[in-house]
Amino acid sequence: MALSKLHVKKDDEVMVIAGNDKGKRGKVLKAFPKEERVVVEGINIRHKHQQPSQDMPQGGIVEKEAPIYSSNVMLICKYCDQPTKTGTEVLDSGEKVRVCKECGEIID
Ligand SMILES: [Zn+2]
């Protein structure tokens, strides 16, 4: 079986299309292809209580993004600035690249 691959990857800008953060945009901070999840900047924030530590003697609440399903985000094309589906194109070099289905530009 082929290695599962997400339609988005680190540093992509994406739009959330489902869940509490629907309609928000953010940058992919981390991608977990095996789990089919991504962590998106500013999306799905969880408040975590931090035990007191040397850096934070009083302890406190830390805001941290929790992973969301990759199927809940759409890639935003950097050329046409639209949330878009992507197609795959194979270059002469054999390299596979993602192509915006809205404007046809190569995204990778
Ligand atoms: Zn486009």
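The structure presented is a predicted model; accordingly, all values stated were derived computationally and were not measured.

Turning to the layout of surface pockets, a few remarks are in order. Considered as a void within the structure, the largest pocket measures approximately 320 Å³ in volume. Lining the largest pocket are 13 residues; nearest its centre among them are Lys5, Leu6, His7, Arg98 and Asp108. For the lining of the largest pocket, the element with the most residues is strand β10 (residues 96-100), which contributes three residues. Looking at the lining of the largest pocket residue by residue, the classes come out as five nonpolar, three polar and five charged. Computed from the structure, the second largest pocket encloses a volume of approximately 160 Å³. Looking at the second largest pocket, it is lined by 13 residues, and the ones nearest its centre are Asp12, Glu13, Ile76, Lys78 and Ile107. In the lining of the second largest pocket, the residues fall into four nonpolar, no polar and nine charged. Structurally, the lining of the second largest pocket is a two-domain feature, drawing no fewer than three residues from each of domain 1 (13-76) and domain 2 (84-108).

Only Cys77 (SG), Cys80 (SG), Cys100 (SG) and Cys103 (SG) from the protein reach the zinc ion as donors, at distances of 2.3 Å. The sequence pattern formed by the donor residues of the zinc ion is C-x2-C-x19-C-x2-C. Assessed through its relative accessible area of 37%, Cys103 is described here as partly exposed.

Read from one edge of the open sheet, six strands run β6-β3-β2-β1-β7-β8, paired in antiparallel fashion. Each edge of the open sheet carries a strand with a single partner, namely β6 (68-69) and β8 (83-84). Pairing between strand β7 (residues 73-76) and β8: two bridges, direction antiparallel. The residue bridging Leu75 from the neighbouring strand is Thr84, located in β8.

Moving on to the UniProt feature "domain: KOW" (unreviewed entry) in the protein. Per the UniProt entry, the sites bearing "domain: KOW" (unreviewed entry) are residues 7-34 in this numbering. Taken end to end, residues 7-34 is 0% helix and 43% strand, and its first and last C-alpha atoms sit 13 Å apart.

Cut-off values and rules
- Residues numbered from 1 in each chain as written.
- Predicted model: local features only at pLDDT ≥ 70, side-chain atom pairs only at ≥ 80, totals over all residues.
- Heavy atoms only, no water.
- 1 Å grid on protein atoms, 1.4 Å probe; cavity = no way out; pocket = protein on both sides within 12 Å on 5 of 7 lines; lining within 4 Å.
- Points joined across faces, edges and corners; volume = space filled by probe spheres on them.
- Helix = DSSP H or I, 4+ residues; strand = E, 2+ residues; numbered from the N terminus.
- Nonpolar A, V, L, I, M, F, W, Y, C, P; charged D, E, K, R; others polar.
- Domains from an automatic or database assignment.
- Donors = N, O, S within 2.8 Å, 3.2 Å for Na, K, Ca; no water.
- Buried < 20%, exposed > 50% of the residue type's maximum accessible area, 1.4 Å probe, protein only.
- Pairing = 2+ DSSP bridges.
- UniProt positions renumbered as here; feature names shortened; annotations may be inferred.

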